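# Inside the fold
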Amino acid sequence: MQPPMGPPPPGIVASGESGTHPIAREADQRELSKFSQTLQLITMPSSASVDTTTASCKVAEDAAVRARWVLDPPRPPGLGRRLADSIAETAVSHRNKLRKLKEQPLSGTISVLEAIFPILVWFRSYSPSKFKNDLLAGLTLASLCIPQSIGYATLAKLDPQYGLYTSVVPPLIYAAMGTSRELAIGPVAVVSLLLSSIAQKLEDPDANPLAYTRLVLTITFFSGVFQTAFGLLRLGFLVDFLSHAAIVGFMAGAAIVIGLQQLKGLLGLTHFTNKTDIISVLKVVWTSVHHNPWNPYNFILGCSFLIFILITRFLGRRSRKLFWLPATAPLVSVILSTLIVFLTRADEHGVKIVKHIKGGLNPSSVHQLQFSGPHASEVAKIGLIVAVIALTEAIAVGRSFASMKGYHLDGNKEMMAMGFMNIVGSFTSCYTGTGSFSRSAVNHSAGCETAMSNIVMAITVLLSLQFFTRLLYYTPNAILASIILSALPGLVDLNEAYYIWRVDKLDFLACIAAFFGVLFASVEIGLLLAVMISFAKIILNTIQPGIENLGRLPGTDVFYDVNQYPMTIKTPGILTIRIRSALLCFANASFVIERILKSVDEEEDADIKGTAERGTQLVILDMSSKLDEHRHIWNCFS
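Structural notes, computed from the coordinates. Quick caveat: nothing in here was measured; it's all calculated off a predicted structure.

## With respect to unusual backbone geometry
- At Lys 355, a residue that is not glycine, the phi angle is positive and equals roughly 70°.
- Residue classification places Lys 355 among the partly exposed residues on the basis of a relative accessible area of 47%.
- A positive phi angle, near 65°, is found at Ser 429, a position not held by glycine.
- Relative to the helices and strands, Ser 429 resides in the loop between α18 (411-427) and β4 (434-436).
- Judged by its relative accessible area of 1%, Ser 429 is buried.

Rendered as structure tokens:
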């Protein structure tokens with residue numbers, strides 16, 4: 001018995017994971033409703049007295065009109081066209097702002113300043129209670145930032161003070177220009193590793209540290225220029241080419257590589273390899289331990305405080321009231337270990353110490369930037385890679401906290417803020433800074449209200465540079481290694497990797513390619529493999545789009561995939577197919593035709609097995625994604 005047929009639906013409705021959306025909206029409603037006449041021809045009883053000849057002619061005429069539209073559609077824009085449209089849109093936006101500025105100088109100037117510096121907006125409603133929360137969060141942030149900054153600077157093969165410099169100027173600029181309330185700015189482990197692994201191929205940090213420092217500062221300048229350009233020209237979609245799966249694998253591989261690099265400080269080794277792959281590092285560690293004398297005091301000291309930091313982190317997770325405990329544990333470890341070394345004179349018994357840290361305000365480094373020389377083009381390329389990685393990490397962290405707090409994060413403003421702070425940072429002895437996930441989590445847990453917590457943190461670090469750097473002379477290197485090691489578990493997300501495996505095997509392939517590439521080859525090879533696999537997935541999805549058979553949900557005019565929703569009802573004699581691709585071209589035309597014909601054959605076979613009287617008399621193609629793409633393109637050209 002056939003299911004009861006209601007009135008023909010006004011249009012086919014496509015479904016997705018998060019809900020449904022209609023294909024026919026306003027302009028498309030008239031076109032798609034013409035299918036109802038054909039539906040009536042197929043489903044009406046044979047005894048009905050209807051003038052089928054007139055209806056058939058009308059349907060054929062309408063089909064010819066639609067065929068001319070389908071056979072001559074506007075071509076989809078390529079990457080060059082998207083870049084041109086983005087630049088043109090930016091130019092029009094800036095032109096409108098300039099015109100408003102000329103017409104209304106005072107209000108226009110205020111509007112422009114508020115757009116560039118969001119601090120002028122939220123500072124109007126700033127209250128003492130908010131400052132109290134930001135002050136507590138900023139001081140807590142500084143207690144974690146100071147030891148981490150020193151450790152990340154050594155990871156980047158720079159002097160310790162450069163990490164502290166990066167925690168002063170960039171946070172101040174971001175607090176004025178950024179839109180995230182929780183994002184904590186400063187040096188991070190992944191960018192530090194990326195800089196040291198690539199830049200040391202051009203300059204040896206041990207043989208020529210001054211040239212290496214100049215190279216890193218120049219890379220920072222170029223990364224800031226690229227980030228600012230992305231924001232000004234609204235080219236944020238370029239960052240999306242590095243998929244989330246690739247980032248998960250890259251972060252996990254980088255965490256292991258960073259951990260292996262800390263064996264030098266944890267074991268007190270003098271000679272260490274400049275390579276980052278796991279084979280080279282383990283080979284050097286094995287040789288140093290078995291053939292060269294090493295001091296166990298470094299290992300005992302570092303592991304003891306590493307266990308202390310991990311215990312405080314466990315306690316902080318058990319009770320939210322103890323959020324300050326894991327945040328202050330690194331600074332407490334530095335103070336206690338420095339006192340132990342100073343009182344016992346452990347440096348005279350083989351314990352490696354930091355020694356001199358240059359204090360004072362950030363010195364100018366404009367004269368150290370080098371825009372000419374044999375490595376000029378390589379420096380620009382490295383700057384682009386570092387800019388993309390830094391932006392990806394910062395925007396991902398910022399958006400996660402913004403969604404938790406329920407406010408909007410402006411991606412273009414974030415890029416401009418990141419870029420401008422790195423440009424100015426390269427002038428003031430800072431290397432590339434970005435948003436840190438671990439410190440941002442501490443900032444959020446401490447109850448920050450606005451970006452004022454970054455200002456408090458920067459002032460605290462500045463005071464430490466001015467007055468307390470001499471007290472860090474006896475700080476053991478093993479403590480800095482243990483602090484970095486304690487921050488690495490947050491970079492490895494096994495649950496997310498397992499989720500990627502369940503959802504999309506190709507995405508998981510990009511994830512493990514980035515992981516093993518970073519682990520066994522180098523950082524840049526891991527990134528290259530991840531990007532190549534991501535592009536291969538895009539091409540494969542374009543060549544072989546998804547094909548779904550649709551059925552109507554009982555009691556509604558909504559159509560769903562029959563495999564995903566078995567309760568849907570198929571209309572006898574009609575096969576409704578959805579093509580999940582916004583692009584139909586020569587590359588996937590044959591595949592789509594074959595899949596449609598295969599679906600028709602399968603439907604015929606099912607009718608024969610079910611002894612149905614009618615075969616497939618009409619095939620309806622759900623081209624919702626294609627129509628939406630054409631509408632968008634038409635609006636762009638009209």
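## Here we look at a nonpolar patch on the surface
- A contiguous nonpolar surface patch, about 610 Å² in accessible area, is contributed by Phe 308, Val 332, Ile 335, Leu 336, Leu 339, Phe 342 and Leu 343.
- Broken down by element, the residue count for the nonpolar patch peaks at 6 residues, all from helix α16 (residues 324-344).
- Here Phe 308 is to be found in helix α15 (residues 296-318).
- Classification of Phe 308 as partly exposed rests on a relative accessible area of 32%.

## Here's the deal with the packing of aromatic side chains
- Summed over the entire model, instances satisfying the criterion amount to 16 aromatic pairs.
- Taken together, a centroid distance of 6.2 Å and an interplanar angle of 70° make the contact between Trp 122 and Phe 123 edge-to-face.
- In this structure Phe 123 comes out as partly exposed when scored by relative accessible area, which is 47%.
- Ring geometry for Tyr 162 against Tyr 165: centres 5.8 Å apart, planes inclined by 85°, an arrangement best described as edge-to-face. Of this pair, Tyr 162 and Tyr 165 are both found in helix α8 (residues 160-166), 3 residues apart, which corresponds to roughly one turn of the helix. Of the two residues, Tyr 162 and Tyr 165, both sit in the buried class.
- In this structure, Arg 181 packs its charged tip against the face of Tyr 407, placed 4.1 Å from the ring centre.
- Sitting over the face of the ring of Trp 501, Lys 505 holds its NZ or CZ atom 4.6 Å from the ring centroid.

## Quick word on the environment of Gln 544
- By the secondary structure assignment, Gln 544 is in the loop between α24 (523-543) and β5 (546-552).
- Exposure remark for Gln 544: the relative accessible area of 43% places this residue in the partly exposed category.
- Separated by 36 residues in sequence, Gln 544 and Arg 580 have C-alpha atoms that sit 9.5 Å apart.

Basis of the calculations
Residues numbered from 1 in each chain as written. Predicted model: local features only at pLDDT ≥ 70, side-chain atom pairs only at ≥ 80, totals over all residues. Heavy atoms only, no water. Buried < 20%, exposed > 50% of the residue type's maximum accessible area, 1.4 Å probe, protein only. Helix = DSSP H or I, 4+ residues; strand = E, 2+ residues; numbered from the N terminus. Patch = residues over 30% accessible without salt bridge, like charges linked within 9 Å, V, L, I, M, F, W, Y side chains within 5 Å. Areas by Shrake-Rupley, 256 points an atom, 1.4 Å probe, with all protein chains shown as cover. Salt bridge = Lys/Arg side-chain N within 4 Å of Asp/Glu carboxyl O. Phe/Tyr/Trp six-rings, centres within 6.5 Å; stacked < 30°, edge-to-face > 60°. Lys NZ or Arg CZ within 6 Å of the ring centre and 35° of its normal.

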